[in-house]
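Each chain, written out:
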Amino acid sequence: MLLLGIDVGGTHTDAVALGPKGIEAQVKVATNHEDLLSSIKSALSEIVKTADPSRIKQLNLSTTLSTNAIVEGRFEDVGVIVSAGPGLDPHSFMICKDFHVIPGSLDHRGSETKQLNNLSLEEAISSCRKSGVQVYAAITKFSPRNPAHEKEMELAIGDNADFITLGHQITGRLNFPRRIATAYYNCAVWRVFNKFADAISGTLEEMGLGHIKVNILKADGGTMPLPLSRRVPVQSIFSGPAASVMGIIALCKITHDSIIYDIGGTTTDIAIFVGGTPLIEQEGINIGSHPTLVRALKVHSIGVGGDSAISILEGTVRVGPARLGPSIAFGGEIPTLTDALIWKDSCDCGNIGKSKAGFAAFASKIDLNPDELADKAIENAIDKIHDSTRELVEEINQQPVYTIHELLENRRIVPRKIYIMGGPAKAIKMDIFRKFRLSTEVPENYDVANAIGAALTRTTTEIELFADTERGVMFIPSLGYRENVPRTYDLEAAEKDAMNHLLAHLGEMRVAADGDNALITASSSFNMVNGDTTVGRNIRVKCQIKPGVVRTYS
Amino acid sequence: MLKAENSLGIIFFPAYDWAISPTHPEREERLLYTQDQLREEGLFDIEGIREYKPEVAETEDIERVHFCFPEAEAIATRSHYISTGGAIKAAELVMQGERDRAFALVRPPGHHAMKTVLGSRGFCAVNVEAIMCEHIREKYGQKRIAIIDTDCHHGDGTQDVYWHDPDTLFISMHQDGRTIFPGTGFPKDAGGPKALGKNINIPLPPGTSDAGFMMVMERIVMPILEDFKPDLIINSAGQDNHFTDPITNMNFSAQGYAALTKMLKPHIAVLEGGYAIQGALPYVNLGISLALAGVDYSHVCEPGWNPETLKESDEIMSYIETLCGSIPDIYFNPPEKSNEGIINGDWSVRHRNIFYDTEGFTESQTESLLLCNDCRGLLKVQTQKENGPMGFGIEIPIGACDKCRNTGYSILEEAQVKSKFRYMQMINRREKEYMRYGF
């Protein structure tokens, strides 16, 4: 049985086939940005040359398709219909030209405080139709507490749309502006993503791989089955760094608070692990200038990488953040961090002779001993990495908490180990160690860790359950599930229901029940009091399948 | 993307695991819907608005302000330490220049806690704002501070803490004490003999709405502030003047609170009361946050808000007008004598019985201020909880003269020798020495 992992990166598309005994095939091909599918196809055909196709069970794919479509603005117009009620002016969140605000409102408990204005809704839809819009996003404030208004909008849009995203289907977490942006992007990339998904399925059929299950990587360090991803393509944005982080998990046994570096050509991605678990962004990832509700691993990128140019500013040697072409070792003209490492004999890559000559020439031009220049450049890069890491850890330790227990008992994150991957990982390992004085590890196969991570990442999902026993209702917004509950419904019952629905949802996605990795991440119950009487309980439960890998591999 | 005109730090500490009792108005659920509202609005995504974690106050922060008997740890719960730490964090953000403004959305509140505390009064055990202000003065030097208390209840605790302090202007606007707890807060209370005119009480009639509050702001609060020229403006932001509040009788709205905040421009706001946890707090807190940040709040209104029906009657308006005519005079032409206390030799002495409503006991207290021409004067307090043991406190104020300072220590020594007191506490702000004795 083989698990395939493909990571379509900015420069290379990496693919691996993992069998019970380890890597059975691995390949690196150049990414063709005009035609991502061709890169995937050529990676796959290389893989099946050595790996028996009938043994392949699953393909996990990390792709920049949605991210690029958004960043480059290659997506279609969306009709965005929102209803807000009191609060910030919803026009502040106007994300596109076909943006319509409909009177109507719900409050924080989901009670309707003002009916949706049907007339104004009809006008909005007809205006969108006139502009030729074919995909719609409908978002109301507090829809995770009560999706009724969004459903009314869906009904009204009806046949006008090829595809509709309703805000509450994205997540049960609150944040209206982010919900607008997320629903908008989901619609915007829906068609391009679905065409891609069709093409992937077609290609696999052609190659005799029609039997394999395809999963798409998400930014939170999990995967989603291809059929599901067709409805929530926005979840596939920024899955690249997640693949790398999952790779490290697969390759190393991480148990302490740790720092993970993925040192690439242009940037270094920093991720933080608490115990063995990667940290997730509290709210969601930003794309363009819009924050979204897309769950993502907390990854901080800084402009220091192997190809970062060395420069002198007011007598100080600096590395990055600019990348001015490749390293001298690879045919560039301006010395880079990699060239500095080559000069110090830490790194053995590219044309060593040319690199050293170019480096020395640059040093003499600015009147510096090349040794000193290399030392200072490396020191500057390490300092930048070090300072950013400290800031990141400090920021995480400063994150708000809401109960006395959390504030007094929650331990601070104190990193005890560093894991490094990416091109310059080995070359820079000792310098990092000397700066941090922490155990520093570079795993074997660090060069294809991202593809390994993709291959082994398990399917994750997260749900929020909300119950209001005064009203006698329990609902799970992202699943569109709603049920009447008795007044005696309590936190224990809610936690049980949340877990059952989470596992049932996985079942629907044809993922084997993953009970061991299911966990409650937040759970609270508040008595609601009216006058001197307790009238009910306000219960909130969040649970998830923990991001992780199906097995570790070394 | 929205951007804040003033950078704002919000310290949100709802203490979701602490309450006085399950159905007490000051309970866990109080900030739940506020949190939902702020999250749903995406408030923390506005450029310039950031949420921060509270700090945990030290016992010394409390003992710098209060005479606590038997001791701070016995009176303040861990929640109080964090609530106070939240206010201190707000102060630090502003003092360090990290933020232009800060809002400590913390509970439990503090403005009913007096100089001497033996227990909880009006849901308050320690005075959150006062502890914050004295933390600022201890760390950043003497500052002129104005505290504007906009809670519906008279800020009797804060009034008491600053009764003798000429460098702290305390203005409390509140529902008339004849109609509500704690039954105090009248214009005649203008401050102690050394701080006359620095304590301003504005009792407002039940039913006061936006126009009445704004008239008070324009005609009393702002002119006094302009004259006092504080280094810092603190808002004790109680939100129980709201028309839906279950334990008060006022008609103020979220728009009104936001407009008031916009005019006052406090550096730091600290949450006090406010018990309409569903219908008011989410909207009022949002309105205040936006006003502090200088972001448009015109779309913030509570469901069911109808400015026409909430509008105060002409009688109320003309009554408030009368107040506006007379109250500024208390500041600009303070009375010659304090209305409390008698002069006994060099000392101004007041005897008081203070009822602790939350716990149901009475404290009897004698407070004396040494009338000094060179400084604010030495303060001493004798206190007893019903038939319990006696406590003794002595405070050498900031900027104390040598004579008051030395007198303070000799009185302390004498008290120790006579040992009539079970508990003794010395607050020496001059040398930053804080001591406690007793068992």
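Residues numbered from 1 in each chain as written. Chains lettered and ligands numbered in written order. Predicted model: local features only at pLDDT ≥ 70, side-chain atom pairs only at ≥ 80, totals over all residues. Heavy atoms only, no water.

**Notes on the overall build of chain B**
Working step 1: A count of helical and extended segments in chain B gives 12 helices and 17 strands.
Working step 2: Taking 439 residues into account, the globule formula puts the C-alpha radius of gyration at 22 Å, and chain B, at 21 Å, falls close to it.
Working step 3: When each of the 439 residues of chain B is scored for burial, the buried share is 65%.
Working step 4: The long-range fraction of contacts in chain B, counting pairs at least 24 apart against all pairs at least 6 apart in sequence, stands at 73%.
Working step 5: When the accessible surface of chain B is totalled, it reaches about 14,800 Å², and 48% of it is carbon and sulfur.
Working step 6: Charge separation in chain B, taken as the distance between the mean sites of 42 positive and 63 negative side-chain charges, equals 6 Å. (Helix = DSSP H or I, 4+ residues; strand = E, 2+ residues; numbered from the N terminus. Rg over C-alpha atoms; globule rule 2.2 N^0.38 Å. Buried < 20%, exposed > 50% of the residue type's maximum accessible area, 1.4 Å probe, protein only. Contact = heavy atoms within 4.5 Å. Areas by Shrake-Rupley, 256 points an atom, 1.4 Å probe, with all protein chains shown as cover. Lys, Arg positive; Asp, Glu negative; His and termini not counted. Charge placed at Lys NZ, Arg CZ, Asp CG, Glu CD.)

**A word on helix 8 (residues 254-264) of chain B**
Residue and element names in this part refer to chain B.
Working step 1: Among the 11 residues that make up helix 8, eight are buried, leaving the element largely enclosed by the rest of the structure.
Working step 2: For helix 8, the complete set of buried residues consists of A254, Q255, G256, Y257, A258, L260, T261 and L264.
Working step 3: Looking at the buried positions of helix 8, the neighbouring elements they touch are strand 6 (145-149), strand 7 (168-175), helix 7 (210-228), strand 9 (232-237) and helix 9 (281-293).
Working step 4: Following helix 8 by one or two positions, K265 adopts a phi angle in the positive range, close to 50 degrees.

**Description of the packing of helix 8 of chain B against helix 9 of chain B**
All names here are of chain B.
Working step 1: Across the interface, helix 8 lies against helix 9 with an axial gap of 8 Å and an inter-helix angle of 25 degrees. Accordingly, the angle class assigned to the pair helix 8 and helix 9 is roughly parallel. At the point where helix 8 passes helix 9, the crossing takes the right-handed sense. Where helix 8 approaches helix 9, its residues A254, Y257, A258, T261 and K262 are matched on the opposing element by Y283, V284, G287, I288, A291 and L292. (Axes fitted to C-alpha atoms, helices over the stretch in contact; angles between N-to-C directions. Parallel < 35°, antiparallel > 145°, perpendicular 65-115°, else oblique. Left-handed = near helix turned anticlockwise from the far one by under 90°.)

**Some remarks on the sheet that holds strand 24 (residues 473-476) of chain A**
All names here are of chain A.
Working step 1: What the five strands build is an open sheet, ordered 25-24-23-27-26; its pairing is antiparallel. Every other strand in the sheet has two partners, leaving strand 25 (481-484) and strand 26 (518-530) as the edge strands with one partner each. In this sheet, adjacent strand axes meet at a mean angle of 10 degrees when their direction is disregarded.
Working step 2: As paired elements, strand 26 and strand 27 (residues 533-545) share 12 bridges and run antiparallel to each other. (Pairing = 2+ DSSP bridges.)

**Section: the packing of aromatic side chains**
Residues and elements named next belong to chain A.
Working step 1: This structure, assessed with the given rule, holds 14 aromatic pairs over all chains.
Working step 2: Residues F193 and F196 carry aromatic rings whose centres are separated by 6.4 Å and whose planes lie at 55 degrees to one another, so their mutual orientation is tilted. A residue pair is termed a helical-turn pair when its members lie 3 or 4 positions apart in one helix, as F193 and F196 do in helix 6 (residues 190-206) at three residues. Across this residue pair, the class does not change: F193 and F196 are buried. (Phe/Tyr/Trp six-rings, centres within 6.5 Å; stacked < 30°, edge-to-face > 60°.)

**Quick look at the interface of chain A and chain B**
Working step 1: Chain A puts 45 residues into the contact, and the matching count from chain B is 46 residues.
Working step 2: When chain A packs against chain B, the two sides together hide about 4,000 Å² of surface, and 57% of this comes from carbon and sulfur.
Working step 3: Here chain A is connected to chain B by six salt bridges.
Working step 4: In this structure, A:E283 engages B:R39 in a salt bridge whose closest nitrogen and oxygen atoms are separated by 3.0 Å. (Buried area = accessible area lost by both parts, 1.4 Å probe. Salt bridge = Lys/Arg side-chain N within 4 Å of Asp/Glu carboxyl O.)

**So, empty space enclosed by the protein**
Working step 1: According to the stated counting rule, one finds three cavities of 30 Å³ or more in the structure shown.
Working step 2: Counted as a void, the largest cavity has a volume near 200 Å³.
Working step 3: Lining the largest cavity are 19 residues, and of these B:K115, B:V161, B:D165, B:R376 and B:E395 lie nearest its centre.
Working step 4: Along the lines of polarity and charge, the residues of the lining of the largest cavity split into seven nonpolar, two polar and 10 charged.
Working step 5: Of the volumes computed, that of the second largest cavity is approximately 50 Å³.
Working step 6: Lining the second largest cavity, in full, are A:P241, A:S244, A:V245, A:I260, A:D262, A:D269, A:I270, A:A271 and A:V299. (1 Å grid on protein atoms, 1.4 Å probe; cavity = no way out; pocket = protein on both sides within 12 Å on 5 of 7 lines; lining within 4 Å. Points joined across faces, edges and corners; volume = space filled by probe spheres on them. Nonpolar A, V, L, I, M, F, W, Y, C, P; charged D, E, K, R; others polar.)

**Here we look at the pairing of strand 25 of chain A**
All names here are of chain A.
Working step 1: Pairing analysis gives four bridges linking strand 24 to strand 25, with the strands arranged antiparallel. Counted as the bridge partner of I476 is Y481 from strand 25.
Working step 2: Here strand 24 folds back onto strand 25 in antiparallel fashion, the turn holding four residues, of which G480 has a positive phi close to 65 degrees.

**Regarding the confidence of the model for chain A**
Working step 1: Scored by pLDDT, chain A has a mean of 89; 97% of the residues are at 70 or more.
Working step 2: No element of chain A has a lower mean pLDDT than helix 12 (residues 404-409) of chain A, which averages 60, and none a higher one than strand 9 (residues 135-140) of chain A, which averages 98. (pLDDT = per-residue confidence, 0-100.)

**Points about the state of the cysteines**
Residue and element names in this part refer to chain B.
Working step 1: Summed over all chains, the structure comprises zero disulfides over all chains.
Working step 2: Unpaired in this structure, C68 has its nearest cysteine sulfur neighbour in C124, at a distance of 14 Å.
Working step 3: You can call C68 buried: its relative accessible area is 1%.
Working step 4: Its sulfur unpaired, C375 is 3.6 Å from the next cysteine sulfur, which belongs to C404. (Disulfide = S-S within 2.5 Å.)

**Quick word on the nonpolar core**
Working step 1: Ranked by size, the top nonpolar core spans 104 residues in total, and within it A:V80, B:M173, B:I202 and B:V221 carry the most contacts.
Working step 2: For this core, the leading source of residues is helix 7 of chain B, giving 10 residues.
Working step 3: Apart from the residues lying within four places of it in its own chain, the contact partners of A:V80 are A:I95, A:C96, A:D98, A:F99, A:H100, A:A137, A:I139, A:I180 and A:Y184.
Working step 4: Residues A:C252, A:L279, A:F436 and A:V448 belong to the second largest nonpolar core, which totals 67 residues. (Core = buried A, V, L, I, M, F, W, Y, C linked by side-chain atoms within 4.5 Å.)

**What about the sheet that holds strand 2 (residues 47-52) of chain B?**
All names here are of chain B.
Working step 1: Reading across the sheet, the eight strands line up as 2-1-4-10-9-6-7-8 and stay open at both edges, with parallel pairing between neighbours. Each edge of the sheet is formed by a strand with only one pairing partner; in this case those strands are strand 2 and strand 8 (199-204). The mean angle between the axes of side-by-side strands here comes to 15 degrees, regardless of whether they run parallel or antiparallel.

**Details of the side chain of A:D14**
All names here are of chain A.
Working step 1: You can see D14 is positioned in strand 2 (residues 12-19).
Working step 2: The class for D14 is buried, based on a relative accessible area of 3%.
Working step 3: Of note is the side chain of D14, whose polar atom sits 3.1 Å from the side chain of K28.
Working step 4: Apart from the residues within four sequence positions on either side, D14 is in contact with G5, I6, D7, V27, K28, D447, N450 and A451. (Polar contact = N/O pair within 3.5 Å; in protein donor to acceptor, adjacent residues only side chain to side chain.)

**A short note on helix 6 of chain A**
Working step 1: Here helix 6 of chain A is 17 residues long and its end C-alpha atoms lie 24 Å apart, about the 24 Å a rise of 1.5 Å per residue gives.
Working step 2: The set of residues buried in helix 6 of chain A consists of A:W190, A:F193, A:N194, A:F196, A:A197, A:I200, A:T203 and A:L204. (Expected span 1.5 Å × (residues − 1).)

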